[in-house]
Amino acid sequence: MLQDIKKTLWATADKLRANMDAAEYKHLVLGLIFVKYISDTFNAKREELARRFADEADEFHLADSTPELLSEELEERDYYTADNVFWVPEAARWEALRASAKQADIGKRIDNALSLVEAENPKLKGILDKRFARAQLPDGKLGELVDLVSTIGFGSTAGEARDILGQVYEYFLGMFANAEGKRGGQFYTPRSIVKTLVAVLAPHHGKVYDPCCGSGGMFVQSEEFIEAHGGKLGDVAIYGQEANPTTWRLAAMNLAIRGIDFNLGRSHADSFTNDQFPDLRAEFILANPPFNISDWWHASLTGDARWVYGDPPQGNANYAWLQHMLHHLAPHGRAGIVLANGSMSSSQSGEGQIRAAMVEADVVEVMVALPGQLFFNTQIPACLWFLTKHKRARPGEVLFIDARKLATMISRVQCELSDEVIERIAGTVAAWRGEAGAKAYEDVAGFCRSVRLAEIAEHGHVLTPGRYVGVEEVDDSDLDFATKMQTLTEKLGEQMAKGAELDQMIRQKLGGLGYEF
């Protein structure tokens with residue numbers, strides 16, 4: 001039911017986009033959903049207060065009050081801020097905007113409303129994107145969009161309505177990422193990858209950190225995991241950093257709309273050159289940094305305390321991200337990081353030596369090879385690194401999991417990991433760690449294997465799971481043609497992606513020597 005509603009809302013909103021670029025349009029749509037959220041939350045609190053003022057048994061009961069006094073009391077800001085409800089000035093409330101939806105200056109009115117909300121709520125300062133007055137939409141489309149957003153939030157209770165707004169916000173984030181294609185992956189990590197990270201790390205309490213947090217999906221999923229396992233919002237403290245200013249705002253709104261308290265630093269900033277949490281040591285780190293970025297280096301990073309296992313190459317940030325996250329990990333914390341497959345085997349520019357040092361220091365706990373076609377923005381195969389400073393179980397071993405063949409296609413060009421596959425991966429890691437309630441661990445040919453560090457050293461400290469788990473025992477005669485072709489084309493896709501990655505690397509190296517082609 002809700003899925004159908006979300007699809008209908010998206011189809012209508014996308015139709016109103018006309019010729020506007022999705023990257024620009026998403027800020028209008030998501031910004032309006034956020035304003036609707038804070039206005040609905042405010043109204044829900046206002047209605048609750050009105051009921052309590054009238055209830056003689058309630059401590060808030062106002063005896064002998066007149067309608068005028070009741071109205072004044074309902075405008076007392078402290079009632080709202082005490083419950084972490086954003087204060088919404090009368091001129092900025094959704095009904096005021098909705099009543100003006102057909103006016104020619106609706107864009108300017110929305111911008112003014114956002115300015116009023118920011119001025120009244122220091123937590124939202126610099127977060128709300130005031131770009132509605134200059135939006136290049138055809139006449140009347142912005143008003144139609146206001147009318148469409150007005151229909152979101154229906155439900156039998158205010159809480160249910162707010163939950164729907166949160167789900168619609170996340171659904172729209174994913175759809176915009178899909179619409180933007182390559183650029184979309186910069187702010188949104190597909191849900192099944194985030195769920196896998198969260199299921200393996202199981203962040204129940206403590207500090208959760210993401211140094212390249214995009215739109216905040218790691219945090220939303222962590223809180224959902226906690227609530228699904230009997231915890232409550234606020235059991236973990238959220239710390240995030242994001243370099244892109246518009247994405248930083250999306251993250252703040254995404255967390256606020258879920259009622260999640262957060263610290264995203266003073267403003268958007270680069271985690272390498274302007275680390276906003278230098279003293280933070282987090283129990284859980286989840287991140288999907290941009291793959292293979294080559295323009296990250298700054299001279300101020302020379303000899304940085306984070307490079308414990310070696311100076312990362314200036315032409316690729318993969319090992320800078322890994323060491324940055326180890327630096328911020330609490331002594332018994334765990335980190336889960338998404339990286340390109342090349343990070344598991346590259347020996348370019350000292351990366352092999354850094355990887356060997358990390359393996360020998362026993363900070364690599366689990367490696368997972370992912371299927372291709374999981375991302376919106378790249379076909380490069382990816383993997384998951386799980387790191388810890390002090391292994392509580394199986395020191396001197398690394399668990400390798402090969403999940404490359406476990407995807408389910410959800411469109412012609414994209415696949416995902418099903419909940420069953422995610423449970424299988426998380427259950428295997430829990431068994432390997434010997435966690436309470438988990439089954440006994442066993443190596444499974446073609447899927448998982450626990451490997452001693454000495455054997456990894458024999459393989460040149462390459463961490464590609466396929467090298468260690470072996471081949472699944474199958475009766476080839478039972479495989480039909482379609483299955484064989486799928487397996488072969490997946491393998492071909494991986495090799496072609498790897499070839500493209502190497503071509504790009506060669507171009508960069510030759511370019512650096514002055515040989516552009």
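As a reminder, the structure under discussion sits directly above these lines.
Note that this is a predicted model, so its numbers are computed, not measured. (Residues numbered from 1 in each chain as written. Predicted model: local features only at pLDDT ≥ 70, side-chain atom pairs only at ≥ 80, totals over all residues. Heavy atoms only, no water.)

Caption draft 1: Quick look at the overall build of the chain. Along its length, the chain carries 17 helices and ten strands. Relative to the 2.2 N^0.38 estimate, which gives 24 Å for 517 residues, the radius of gyration of the chain is 25 Å and therefore close to what a compact globule would have. Projected onto its principal axes, the C-alpha coordinates of the chain cover approximately 85 × 55 × 55 Å. Counting across all 517 residues of the chain, residues that qualify as buried make up 50%. Nonlocal contacts in the chain, meaning residues at least 24 apart in sequence, comprise 73% of its contacts between residues at least 6 apart. Within the structure as shown, the chain displays about 23,900 Å² of accessible surface, and the carbon and sulfur contribution to it stands at 50%. Charge centroids of the chain, computed over 54 positive and 73 negative side chains, lie 4 Å from each other. (Helix = DSSP H or I, 4+ residues; strand = E, 2+ residues; numbered from the N terminus. Rg over C-alpha atoms; globule rule 2.2 N^0.38 Å. Buried < 20%, exposed > 50% of the residue type's maximum accessible area, 1.4 Å probe, protein only. Contact = heavy atoms within 4.5 Å. Areas by Shrake-Rupley, 256 points an atom, 1.4 Å probe, with all protein chains shown as cover. Lys, Arg positive; Asp, Glu negative; His and termini not counted. Charge placed at Lys NZ, Arg CZ, Asp CG, Glu CD.)

Caption draft 2: Region of the structure containing the environment of Val 462. Mapped onto the fold, Val 462 is located in the loop between helix H15 (453-458) and helix H16 (466-469). In the structure, Val 462 is positioned 116 residues away from Ser 346 in sequence and 8.0 Å away in space, judged by C-alpha atoms. Other than its neighbours up to four places away in sequence, Val 462 contacts Met 344, Ser 345, Arg 355, Ile 456, Arg 467 and Tyr 468.

Caption draft 3: Just the sheet that holds strand S2 (residues 236-240), in detail. Within the open sheet, the eight strands sit side by side as S2-S1-S3-S4-S6-S5-S7-S10. Their pairing is mixed. Bordering the open sheet on either side are S2 and strand S10 (448-452), each of which pairs with just one other strand. If you compare each strand with its neighbour and ignore which way they point, the axes differ by 15 degrees on average. In terms of strand pairing, strand S5 (residues 364-369) meets strand S6 (residues 382-388) through five bridges, oriented antiparallel. Counted as the bridge partner of Val 368 is Leu 384 from S6. Packed on one face of the sheet, helix H14 (residues 419-433) meets strand S4 (329-340), S5, strand S7 (397-402) and S10 and runs near 160 degrees to S7. (Pairing = 2+ DSSP bridges. Axes fitted to C-alpha atoms, helices over the stretch in contact; angles between N-to-C directions.)

Caption draft 4: Fine view of the side chain of Gln 221. Within the secondary structure, Gln 221 sits in helix H10 (residues 217-228). The exposure class assigned to Gln 221 is buried, which follows from its relative accessible area of 8%. If we skip the residues at most four places from it in the chain, Gln 221 touches Arg 191, Val 194, Lys 195 and Val 198.

Caption draft 5: Looking closely at the side chain of Arg 334. In this structure, Arg 334 sits in strand S4. In terms of polar contacts, Arg 334 uses its side chain to reach the side chain of Glu 365, at 3.1 Å. In this view, Arg 334 contacts Leu 201, Glu 283, Phe 284, Ile 285, Leu 329, Glu 365, Leu 387, Thr 388, Arg 392, Arg 433 and Glu 435; residues no more than four positions away in its chain are not counted. (Polar contact = N/O pair within 3.5 Å; in protein donor to acceptor, adjacent residues only side chain to side chain.)

Caption draft 6: Fine view of the pattern of salt bridges. Within the structure shown, the criterion is met by 32 salt bridges. Connected through shared salt-bridge partners, Lys 45, Glu 48, Arg 52, Asp 58, Glu 59 and Asp 83 make up one network. (Salt bridge = Lys/Arg side-chain N within 4 Å of Asp/Glu carboxyl O.)

Caption draft 7: Highlighting helix H9 (residues 191-201). The buried fraction of H9 amounts to eight of the eleven residues, a majority that puts the element mostly inside the structure. Restricting attention to buried positions, one finds in H9 the residues Ser 192, Ile 193, Val 194, Thr 196, Leu 197, Val 198, Val 200 and Leu 201. Taken from the residues just after H9, Ala 202 is the one with a positive phi, measuring 50 degrees.

Caption draft 8: Molecular detail of the state of the cysteines. What the rule picks out here adds up to zero disulfides. Cysteine Cys 212 remains unbridged, with the sulfur of Cys 213 as its closest cysteine sulfur at 7.9 Å. The cysteine Cys 383 is free of any disulfide, with Cys 212 supplying the nearest cysteine sulfur at 14 Å. With relative accessibility at 0%, the residue Cys 383 sits in the buried group. (Disulfide = S-S within 2.5 Å.)

Caption draft 9: Structural detail: empty space enclosed by the protein. Evaluated as defined, the whole model comprises one cavity of 30 Å³ or more. Computed from the structure, the largest cavity encloses a volume of approximately 30 Å³. As for the largest cavity, its lining consists of Gly 31, Val 35, Leu 114, Leu 128, Asp 129, Phe 132 and Met 253. (1 Å grid on protein atoms, 1.4 Å probe; cavity = no way out; pocket = protein on both sides within 12 Å on 5 of 7 lines; lining within 4 Å. Points joined across faces, edges and corners; volume = space filled by probe spheres on them.)

In short, the description is geometric, and any link to function would need to be established separately.
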